[in-house]
Amino acid sequence: MRFNELSRVLRGTTPRLLTKQVRELEEDGLVHRTVYPVVPPKVEYKLTDEALSLAPLLIVLSEWGAVARTARH
């Protein structure tokens, strides 16, 4: 995805915060950043295989969080 696509999907996130998070994910080896040598600049982000391997765990955590939120209300 390109930066603006990510920004649209993650509503409520400021460009500064999104940039910081993407850079951290890249440093951690979870996101691969591809820069294309064109004008205007084009950058794409893609999850690495390591990040994709975490998907089942993240789904379970998300479901647990949803149940926990429901139980509190």
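From a predicted model like this one, the values you see are computed outputs, not experimental measurements.

1. So, the overall build of the chain
Secondary structure summary: the chain contains four helices and two strands in total. For the chain, the sequential pattern of α-helices and β-strands runs α-α-β-β-α-α. Over its C-alpha atoms the chain spans a radius of gyration of 15 Å, topping by over 25% the 11 Å that the globule rule assigns to 73 residues. In terms of its C-alpha atoms, the chain occupies a principal-axis envelope of roughly 50 × 25 × 15 Å. Relative to its full complement of 73 residues, the chain shows a buried share of 14%. Once local pairs closer than 6 in sequence are excluded, the contacts in the chain between residues at least 24 apart make up 22%. Of the roughly 6300 Å² that the chain leaves accessible, carbon and sulfur atoms contribute 60%.

2. Here's the deal with the nonpolar core
The biggest cluster of nonpolar side chains holds six residues, and these are L6, L18, V22, V31, V43 and Y45. Of all the secondary-structure elements, those providing two or more residues to this core are helix 2 (15-27) and strand 2 (42-47).

3. As for the UniProt feature "domain: HTH hxlR-type" (unreviewed entry) in the chain
As annotated in UniProt, the feature "domain: HTH hxlR-type" (unreviewed entry) corresponds to residues 1-73 in the numbering used here. Helix makes up 59% of residues 1-73 and strand 16%, and the two end C-alpha atoms of the span are 36 Å apart.

4. Some thoughts on the pattern of salt bridges
The final tally for this structure, using the stated rule, is two salt bridges. Residues E44 and K42 are paired through a salt bridge, measuring 3.6 Å at the closest nitrogen-oxygen approach. The exposure class assigned to E44 is partly exposed, which follows from its relative accessible area of 27%.

5. Re the environment of S7
By secondary structure assignment, the location of S7 is in helix 1 (residues 3-9). Judged by relative accessible area, which is 24%, S7 ranks as partly exposed. A C-alpha to C-alpha distance of 20 Å links S7 and L58, two positions 51 residues apart in sequence.

6. Points about a nonpolar patch on the surface
Side chains of L54, L57, L58, L61 and W64 sit close together on the surface and give an oily, nonpolar patch of about 530 Å² of accessible area. Note on placement: L57 falls in helix 4 (residues 55-72).

7. What to know about the pairing of strand 2
Here six bridges tie strand 1 (residues 31-36) to strand 2, and the two strands are oriented antiparallel to one another. The partner of V31 across the bridge, within strand 2, is L47. Hairpin geometry of strand 1 and strand 2 is characterised by an intervening segment of five residues between the two adjacent antiparallel strands.

Parameters at a glance
Residues numbered from 1 in each chain as written. Predicted model: local features only at pLDDT ≥ 70, side-chain atom pairs only at ≥ 80, totals over all residues. Heavy atoms only, no water. Helix = DSSP H or I, 4+ residues; strand = E, 2+ residues; numbered from the N terminus. Rg over C-alpha atoms; globule rule 2.2 N^0.38 Å. Buried < 20%, exposed > 50% of the residue type's maximum accessible area, 1.4 Å probe, protein only. Contact = heavy atoms within 4.5 Å. Areas by Shrake-Rupley, 256 points an atom, 1.4 Å probe, with all protein chains shown as cover. Core = buried A, V, L, I, M, F, W, Y, C linked by side-chain atoms within 4.5 Å. UniProt positions renumbered as here; feature names shortened; annotations may be inferred. Salt bridge = Lys/Arg side-chain N within 4 Å of Asp/Glu carboxyl O. Patch = residues over 30% accessible without salt bridge, like charges linked within 9 Å, V, L, I, M, F, W, Y side chains within 5 Å. Pairing = 2+ DSSP bridges.

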